[in-house]
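Overview (structure and organization)
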Amino acid sequence: MMTVLAIAETAAHATGHVPNVPAWVTYLFAFILAAMIACLALEEKIHAKKSIIVGSFAGLCVILETILGWALDESFIPFGSVVLPNMHEIDIPFYIPAIDWGVVTIILGASLFVEVASKSGVFSWIAIKVTKLSGGDPWKLLIAYGLLTVFFSAVLNNVTAMIIIGSLTAVSLGKLQKRDLLLGFLLVEGLLTNVGGLLTLISSVPNIIVGKAAGISFARFFMVAAPYVVVATGVTLVMGGMRFKIKGLKTDEEKDAARLLVDGFDENEGVESQGFFWFSVATLVAFIATLSLQALLPFGLDQLDMGFIALFYAGVMLATHKSKVDKFYQAVDWDLLAFFAALFVVINMMEHAHVLDLIGSGIAKVLALPTQVASGVLLTSSAVASSVTDNIPLAAMLAKILGGMPDVAADSPFWWCVIFGANLGGNITPIGSASTLVAMTIIHRNKLPLSFGGFVKLAVPFAAVQIVLAVVYVLIAL
Amino acid sequence: MTQIDEFESIFRRAEREPFVFAPPELTNVVLLTDRDRDFASQAEQAVKTFLPQLGNCSFELMTGDRFSTVTEVVDQLGDANPDLVVTFRHLQEGMLVPQHSLGVYLDVITQVLKPPVLMLPGTSAEPQLPASEAASILVLTDHIRGDARLISSAAAIAPANATLHLAHVEDDLVFQRYLKTIDRIPDIDSDSAREHLESTLLGDARQYMEAAIVGLENAAVPHQSQLHVVRGHRLKTFQSLMQDANADLCVLNTKDDEQLAMHGMAYAVAVETVDRALLLL
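The rules behind each value
- Residues numbered from 1 in each chain as written.
- Chains lettered and ligands numbered in written order.
- Predicted model: local features only at pLDDT ≥ 70, side-chain atom pairs only at ≥ 80, totals over all residues.
- Heavy atoms only, no water.
- Helix = DSSP H or I, 4+ residues; strand = E, 2+ residues; numbered from the N terminus.
- Buried < 20%, exposed > 50% of the residue type's maximum accessible area, 1.4 Å probe, protein only.
- Pairing = 2+ DSSP bridges.
- Contact = heavy atoms within 4.5 Å.
- Buried area = accessible area lost by both parts, 1.4 Å probe.
- Salt bridge = Lys/Arg side-chain N within 4 Å of Asp/Glu carboxyl O.
- Polar contact = N/O pair within 3.5 Å; in protein donor to acceptor, adjacent residues only side chain to side chain.
- Axes fitted to C-alpha atoms, helices over the stretch in contact; angles between N-to-C directions.
- Disulfide = S-S within 2.5 Å.
- Patch = residues over 30% accessible without salt bridge, like charges linked within 9 Å, V, L, I, M, F, W, Y side chains within 5 Å.
- Areas by Shrake-Rupley, 256 points an atom, 1.4 Å probe, with all protein chains shown as cover.
- Lys, Arg positive; Asp, Glu negative; His and termini not counted.
- Charge placed at Lys NZ, Arg CZ, Asp CG, Glu CD.
- Right-handed = clockwise from strand over helix to strand, strands pointing away.
- Parallel < 35°, antiparallel > 145°, perpendicular 65-115°, else oblique.
- Left-handed = near helix turned anticlockwise from the far one by under 90°.
- Nonpolar A, V, L, I, M, F, W, Y, C, P; charged D, E, K, R; others polar.
- pLDDT = per-residue confidence, 0-100.
- Core = buried A, V, L, I, M, F, W, Y, C linked by side-chain atoms within 4.5 Å.
- Expected span 1.5 Å × (residues − 1).
- Arc of directions from axis to C-beta.

A separate point is unusual backbone geometry. Its identity as a non-glycine residue notwithstanding, Met87 of chain A has a phi of 70°, on the positive side. On the secondary structure map, Met87 of chain A appears in the loop between strand 2 (82-83) and strand 3 (89-90). We note that Asn81 of chain B has phi near 50°; this positive angle belongs to a residue other than glycine. By the secondary structure assignment, Asn81 of chain B is in the loop between helix 3 (70-80) and strand 3 (84-89).

Below you can see the structure in the form of structure tokens.
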């Protein structure tokens, strides 16, 4: 469907008419875009959900472009029926093809899948088991939780990973009477969600958006990102241990006492049904395997996109609770999905108003520099931009812009610069990514004093090292 | 915030309170009576028959000629520093039938002094010395989770062939009050709250008791055990459990760090239960 809509064109565009957009219209919409990004950055202050902010701007853009088009006697917006590749015309609103339904379906399917799978207790089982394996030793616990954060960020999403690991950290450190280490643990885990979020194509939304635009497969994404994630995780853990003085236990008495406390956790507590537990494990493995080997699916099934795969597996899981699916539908983050839909409409409007061309011309100047310099500048500036605003609109815009540049090939390192920058920028400020926001929420929930400035002061050294490593990696390996 | 809360709840529910068997030291025992030495010796033998675990303890007999005021008793017990005090209700009060108190001596001793008190049935004037070994020991509390001291004390003092009954009684009146309040909060599903609160409160108690049984087995403490986890009106339910278990000895917590008076229900139980021995911790 997405491919069909992507190559569909309206009857108006089929005539080859490209509207003439005056410069002042472009600058007006550029201002509106900047205002939207500012509102997203101030989401907490203005007490409005993302979907309302972006939805309002989407509505404003549509109305404004329509009126301006009428006033200037130009059709900025491609009204009219959509012509499919088989020349069949269908009457759907112009903003429907503007929405990247592939992204929406991946997120919807993956979140439903995770929601149902988590009811089996599989994630809490893994988390508690890992806690017990650490023996309650703080250093081993940091490594265990750090690796688990990366793993969960990769296979679930970084927000869910932070929620699971952050909650368990608060409970387990409380039990071990090591609450003085809680801030360090939560901060390192928050940072690692964005590192782990680089591991797979579905780990974070910028990955999905940029990866799809660049045509990067699930398997290729993993092969490219994994070496960096391994190194960055190790460095972050070592830095975290040193910075927050998280050390191993020394005496046998301490070790025995800690082990007794963590052995008290019952990993089977959250497992209501062994059958469903193992079914969830098997389905999770099958889901990841299918995504990884999508290109090898037989019988023409390789043409079905990731969104379908995500929805399919979500359906498989939902079938196990067929009389209670409405509860899982309620748990879906509809604000996020509505946000995406509205965001794609806004980007589409910006495209019509040539705002993306304007930004693209600036980016083209950067990309015209020697490749090493261009990569470094693009990655770093993506990271900085991502740190102060939501990385999703940034990724969506840059994906659209790079996709429209004929000089940027599918295997260009610039795509990876945007991916790395959009993810790692989330580690600079607490508003840089949803998962670091969750980390801050858990920090404040546990009455640990950490301000915006405090977070930045602690996180910047980590983020700087991660970004430098990413630049080096892109220059050397890609 | 909802999902964070949900996962925190899952992990907190997975927390198990570990039970570590820590038997109290039982070396020196003071038997306190307002009668003469002959009676005290008789009482000592009866106690050693009743609880053979005290057979190897050294007994100091504090008889009626050694004290006449509460202060004197407290001072002498303080100097002796026993691991256990064995005594009777209504010392130096001549009550043939237990009245609505434990008597002035016990009222003070149970609160001021550290060692536990083993209160034998009857009164000092009309004692009911146990004639045989205790066959049934009942641990009674309204909050057993985490109370390793209570269980360890009962297990340490129980004869090898006795049945150890562990009982947790959740106060029904308090529970109903909370449920009525929840019924008035629209954001909380009342049916779900009722089901989960009850199962969690009682489940926690049962899990701890089961962990205690395993802990005692691992420590090679020989006895049989039975678990009782119920909701009810505490005094009536305590009494009903004593009847059902045919308890020879009941073990209770009595001290409250925040007040001078005996902890909550313990005093009522101690006053009402006159025909069984009570170990007051």
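With that settled, the discussion passes to the pairing of strand 3 of chain B. Residue and element names in this part refer to chain B. Burial of strand 3 is extensive: 6 of the 6 residues sit out of reach of the surface. Here 3 bridges tie strand 1 (residues 28-32) to strand 3, and the two strands are oriented parallel to one another. Bridge pairing in strand 3 links Leu31 to Val86. Taken together, the 4 bridges between strand 3 and strand 4 (residues 117-123) define a ladder with parallel strand orientation. Paired with Arg89 across the two strands is Thr123, which belongs to strand 4.

What follows covers the interface of chain B and chain A. Across the contact, 17 residues belong to chain B and 24 residues belong to chain A. Note on chain B versus chain A: buried area summed over both sides is about 2000 Å², and carbon and sulfur give 63% of it. Summed over the shared surface of chain B and chain A, the number is 7 salt bridges. Across the pair Arg445 of chain A and Asp5 of chain B runs a salt bridge, and its minimum N-O distance is 2.7 Å. Counting across the chain B and chain A interface gives 9 residue pairs in polar contact (both at pLDDT 80 or more). Per element, the largest residue contribution to the side of chain B that touches chain A is 11 residues, and it comes from helix 1 (residues 2-14) of chain B.

The subject of this paragraph is the pattern of salt bridges. Residue and element names in this part refer to chain A. On inspection of all chains with the given rule, the structure shows 20 salt bridges over all chains. In this structure, Lys119 and Glu115 form a salt bridge, with 3.5 Å as the shortest nitrogen-oxygen distance. With a gap of 4 residues between them, Lys119 and Glu115 both fall in helix 7 (residues 101-119), about one helical turn apart. For Lys119, a relative accessible area of 34% gives the class partly exposed.

Residues and elements named next belong to chain B. If you walk across this open sheet you meet the 9 strands as 2-1-3-4-9-8-5-6-7, and the pairing is mixed. This sheet does not close on itself; its edge strands, each paired only once, are strand 2 (58-62) and strand 7 (224-232). Taken over all neighbouring pairs, the strand axes of this sheet differ in orientation by 20° on average, direction set aside. As defined by bridge partners, strand 4 adjoins strand 9 (residues 277-280) across 3 bridges and the pair is classed as antiparallel. Within strand 9, the position partnered with Val117 by the bridge is Leu280. Here helix 6 (residues 172-183) sits on the sheet and contacts strand 6 (163-171) and strand 7; the angle it forms with strand 6, its principal contact strand, is near 35°.

Attention shifts here to helix 3 of chain B. In an α-helix, one full turn covers 3.6 residues, which means residues spaced three or four apart are oriented alike. Those residues of helix 3 of chain B lying buried are Val70, Val73, Val74, Gln76 and Leu77 of chain B. Tucked into the core, helix 3 of chain B has its buried residues touching strand 1, strand 2, strand 3 and helix 4 (104-112) of chain B.

All chains considered together, the criterion is met by 0 disulfides over all chains. The thiol sulfur of Cys39 of chain A is not disulfide-bonded, and the nearest other cysteine sulfur, from Cys61 of chain A, lies at 12 Å.

Before going further, it helps to spend a moment on a negative patch on the surface. Side chains of Asp252, Glu253, Glu254 and Asp256 of chain A sit close together on the surface and give a patch of like negative charge. Locating Asp256 of chain A in the fold gives a position in helix 14 (residues 252-263).

On to a nonpolar patch on the surface, then. Residue and element names in this part refer to chain A. A contiguous nonpolar patch, built from Phe299, Leu301, Leu304, Phe308 and Phe312 and spanning about 540 Å² of accessible area, is present on the exposed surface. Mapped onto the elements, Phe299 comes out in the loop between helix 15 (274-292) and helix 16 (306-319). The exposure class of Phe299 is exposed, given its relative accessible area of 79%.

On to the pairing of strand 5 (residues 136-141) of chain B. Residue and element names in this part refer to chain B. Among the 6 residues that make up strand 5, 6 are buried, leaving the element largely enclosed by the rest of the structure. Alternating positions in strand 5 separate into two faces, Ser136, Leu138 and Leu140 on one and Ile137, Val139 and Thr141 on the other, with burial throughout. As judged from the 6 bridges shared by strand 5 and strand 6, these two strands associate in the parallel manner. Paired with Val139 across the two strands is Leu166, which belongs to strand 6. Taking the sense of rotation as the criterion, the β-α-β connection linking strand 5, helix 5 (residues 148-157) and strand 6 turns out right-handed. Pairing of strand 5 with strand 8 (residues 249-252), which is carried by 3 bridges, proceeds in the parallel orientation. Across the sheet, Ile137 pairs through a bridge with Leu249, a residue of strand 8.

Looking now at the side chain of Lys132 of chain A. All names here are of chain A. In this structure, Lys132 sits in helix 8 (residues 122-133). The class of Lys132 is buried, set by a relative accessible area of 19%. Within the local environment of Lys132, its side chain forms a polar contact with the backbone oxygen of Phe265, the two atoms lying 2.9 Å apart. Each residue touching Lys132, except ones within four places of it in the same chain, is listed here: Arg259, Val262, Asp263, Phe265 and Glu267.

Once that is clear, we can look at the side chain of Glu65 of chain A. Tracing the backbone shows Glu65 of chain A in helix 5 (residues 50-72). When residues no more than four places from it in sequence are discounted, the contact partners of Glu65 of chain A are Phe29, Phe76, Ile77, Met349, Met350, His352 and Ala353 of chain A.

This part covers a positive patch on the surface. Residues Arg243, Lys245, Lys247, Lys250 and Lys457 of chain A make up a contiguous surface patch of positive charge. By the element assignment, Lys457 of chain A lies in helix 24 (residues 452-477).

What follows deals with the packing of helix 18 (residues 334-352) of chain A against helix 21 (residues 391-403) of chain A. Residue and element names in this part refer to chain A. Remark: helix 18 packs on helix 21, axes separated minimally by 11 Å, with the N-to-C direction vectors making an angle of 40°. Classified by the angle their axes make, helix 18 and helix 21 are oblique. Judged by the twist between their axes, the crossing of helix 18 over helix 21 is right-handed. Where helix 18 approaches helix 21, its residues Phe339, Phe340, Leu343, Ile347 and Glu351 are matched on the opposing element by Ile392, Pro393, Ala396, Met397 and Lys400.

Bringing the packing of helix 8 of chain A against helix 9 (residues 138-155) of chain A into the picture now. All names here are of chain A. Contact geometry for helix 8 and helix 9: axes closest at 9 Å, N-to-C directions at 155°. It follows that helix 8 is roughly antiparallel to helix 9 by the angle criterion. Note that helix 8 runs across helix 9; the crossing there is right-handed. Taken together, the residues of helix 9 that come into contact with helix 8 (itself represented by Phe123, Ile126, Ala127, Val130 and Thr131) are Leu141, Ala144, Tyr145, Leu148 and Phe152. Residue classes in the contact of helix 8 with helix 9 are distributed as 9 nonpolar, 1 polar and no charged.

On to the confidence of the model for chain A, then. Residue and element names in this part refer to chain A. For chain A, the mean per-residue pLDDT works out to 88, and 96% of the residues sit at or above 70. Summarising per-element confidence for chain A, the mean pLDDT is lowest in strand 1 (residues 9-10) (40) and highest in helix 11 (residues 182-196) (96). This stretch, residues 1-15, has a pLDDT under 50; its non-local contacts, to residues over four places away or in other chains, come to 28 contacts.

This next bit is on the nonpolar core. With 166 residues, the main nonpolar core has Phe29, Phe123, Ile164, Tyr228, Phe340, Met350 and Phe420 of chain A as its most contacted residues. Residue contributions to this core peak at 12 residues, all from helix 18 of chain A. Aside from chain neighbours lying at most four places away, what touches Met350 of chain A is Phe29, Ile32, Leu33, Cys61, Glu65, Val355 and Leu356 of chain A. By size, the runner-up hydrophobic cluster in this structure holds 46 residues, among which are Phe39, Leu54, Val139 and Ala154 of chain B.

A few words on helix 2 (residues 37-50) of chain B. All names here are of chain B. Between the first and last C-alpha of helix 2 there are 20 Å, a value that for 14 residues agrees with the 20 Å anticipated at 1.5 Å per step. When we look at burial in helix 2, the residues that qualify are Phe39, Ala40, Ala43, Glu44, Ala46, Val47 and Phe50. Buried residues in helix 2, looked at end-on, bunch into an arc of 165°, giving them a common side. Along helix 2, the residues that are exposed and aim more than 90 degrees away from the buried face are Arg37 and Asp38. In this fold, the buried residues of helix 2 make contact with strand 1, strand 2, strand 3, strand 4, strand 8 and strand 9.

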